[in-house]
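Structural overview for review
One-letter residues, chain by chain:
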Amino acid sequence: MSAVILQVGQCGNQVGLEWCEMLSKTSEQCGHGSPYITKEGTLAVVCVDSDPKVLRRAQRLVRNKTLLESNIVQGKGGRGNNWAYGYHGHWVEEGDQLLQQAMEAVRQEAERRDYYGGTIMLHSVSGGTGSGLGSRLCEEIRAEFPVSHILTVSVVPHQSGESPLQHYNTLLSLAALHRSSDGILLFHNDQALSYSGVLQKKVSGTSGLSSGLLQGTLSFMNKHIVSCIAGLLLPVHSLTTASNRSLGVEPWELIRSVCPMPAAKLLSITQAGSREKLKWDSLASSTLQSVPQVSLAGRPYTSRAVLAVARGDLDNSFIMSSAVNKLKRGHRCVAWNPFPVDHWTECGILCLFSDPCNEVGLSPNAHLLTVCSNHSSVTSLLDHVVQRTKEMICVRAYLHWYERYGVEDQDFQQAVETLLKVVEEYDAH
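Presented here is an overview of the structure given in this document. Worth saying up front: this structure is predicted, and the values here are computed from it rather than measured. (Residues numbered from 1 in each chain as written. Predicted model: local features only at pLDDT ≥ 70, side-chain atom pairs only at ≥ 80, totals over all residues. Heavy atoms only, no water.)

Focus: the packing of helix α6 (residues 166–180) against helix α12 (residues 378–394)
Cut-off, in case you're wondering: Every axis corresponds to a line fitted to the C-alpha atoms, with the helix fit spanning only the stretch in contact, and the corresponding angles, defined between N-to-C directions, vary from 0 to 180 degrees. What counts as a helix is a DSSP run of H or I of at least four residues, what counts as a strand is a run of E of at least two, and both are numbered from the N terminus. When an angle is under 35 degrees it counts as roughly parallel; over 145 it counts as roughly antiparallel; between 65 and 115 it counts as roughly perpendicular; any other value is oblique. In this scheme the handedness of a crossing depends on how the near helix is turned from the far one: anticlockwise by less than a right angle means left-handed, clockwise means right-handed. By definition in these notes, contact holds between two residues if any of their heavy atoms fall within 4.5 Å. Throughout this entry, Asp, Glu, Lys and Arg are counted as charged residues, while Ala, Val, Leu, Ile, Met, Phe, Trp, Tyr, Cys and Pro are counted as nonpolar. The remaining residues, Gly among them, count as polar.
It is the contact of α6 with α12, at a shortest axis distance of 9 Å, that shows an interaxial angle of 125°. With respect to α12, the axis of α6 lies oblique. In this structure, α6 meets α12 at a crossing whose hand is left-handed. Residues H167, Y168, T170, L171 and L174 of α6 form the contact with α12, whose own contacting residues are L381, L382, H384, V385, V386, R388, T389, M392 and I393. Of the residues belonging to the contact of α6 with α12, the class tally is nine nonpolar, four polar and one charged.

Things to note about unusual backbone geometry
Selection rule: Only protein chains enter the calculation, and the probe is 1.4 Å; a residue is then buried if its accessible area is under 20% of its type maximum, exposed if over 50%, and partly exposed in between.
Unusually for a residue other than glycine, K65 sits at a positive phi of about 65°. For K65, the location among the structural elements is in the loop between α2 (58–63) and β3 (72–74). A relative accessible area of 66% means that K65 is categorised as exposed. Positive phi, normally seen in glycine, also occurs at R332, with a value near 50°. Of note, R332 is situated in the loop between α11 (323–330) and β9 (341–346).

A word on the state of the cysteines
Note the cut-off: In plain terms, two cysteine sulfur atoms within 2.5 Å form what is called a disulfide here.
According to the stated counting rule, one finds zero disulfides in the structure shown. No disulfide involves C47; its nearest neighbouring cysteine sulfur is the one of C20, lying 5.8 Å away.

Description of the packing of aromatic side chains
Ring pairs (aromatic) are described by centroid distance and by the angle formed between their planes. Note the cut-off: Only centres within 6.5 Å qualify two rings of Phe, Tyr or Trp (six-membered ring in Trp) as a pair; their planes then separate them into stacked at under 30 degrees, edge-to-face at over 60, and tilted for everything else.
This model, assessed by the stated rule, comprises nine aromatic pairs. Consider the rings of W83 and Y87, whose centres lie 4.6 Å apart with planes at 15°: the pair is stacked. Pair noted here: W83 and Y87 are both in helix α3 (residues 83–88), with a separation of four residues, about one helical turn. A relative accessible area of 16% means that Y87 is categorised as buried. Taken together, a centroid distance of 5.5 Å and an interplanar angle of 90° make the contact between W280 and F318 edge-to-face. Placement of the pair is W280 in helix α10 (residues 280–288) and F318 in the loop between β8 (303–311) and α11, with a sequence separation of 38 residues.

Here's what the structure looks like:
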């Protein structure tokens, strides 16, 4: 057990609690331990939110004795979808108190580990608590544990219309994460909806989704993200000891594999699975269908590194297939990396993948391929965020909401420069 899971904000806790429940069910049904569950049977998870309503679901895990009550850290009110409010908090004691309580919970959880390798933070970059407080917590963890790793699971908002402040929040959050984290797993809400085939049906005469459809859509998106996280981070045979024991190093080996240079650490994930015994190269082709190939300007995208995790590889057929070469070609791996595609294998599917479009379950013939890529198509997101932010700053839209909590023009300028340097780094290779 080497990781502490930190769930921040509404989105981070919704996704994180799906992850917690999946881990608990996996441990029960598979009859063995998990590197994310302690010897005492508790989850190494810290749940943080400024709104206590969000954490009610976590209390069930406390009652089931799978989560320590001291690991639930809650405030008295939200952060108004404002990164500055989440980052700095109130000018009075509550903001600092929430930060200090969260850090103390992380510190105590890290001290319970036989070996503390780092923190995995789940959050959204578009709101107030997840983006602002999440950024602040990353900085504090980096200062407190300078040699540990930080891997974030960061959910990116829909391009059109979750909040009028989402571009400001995304800009400030991604810039802060790039300075303090080692790897950023990006999940795009638009891509999740497109992958699922769930159509956002408008209610006649309103601008929003019906409550039932909205709830079902959000539930699917959470399950899909959890399925991808599990595909990447659950134990694999490739990283177990000679005694077939997992040390829980998958998150940190993921960073080593796909982030060869610290200036580029934004990661994309695709996944394909089948209940039947499907050829690995067919699954590789399926994962490539959603990988952007060319920018709007006609420039081919490239990938610095790729990690493929093949689960259900009972006959060691993955390495013998053409899947690795297909992924190398499909991601247009850079020439300067001599070994651009790493791969891990696992003979069984050790989790309950509950993605409705990828329900592979525990079938003995099931195959699941999860691919993580350090792909330059992320520059399209960064360019969009920077452009929209500049347009809003030009007319000084909503800036007074950020100035109220200590974020000035130079902070926005610094964040813009940070993301533009990331774009230049990807475009240079």
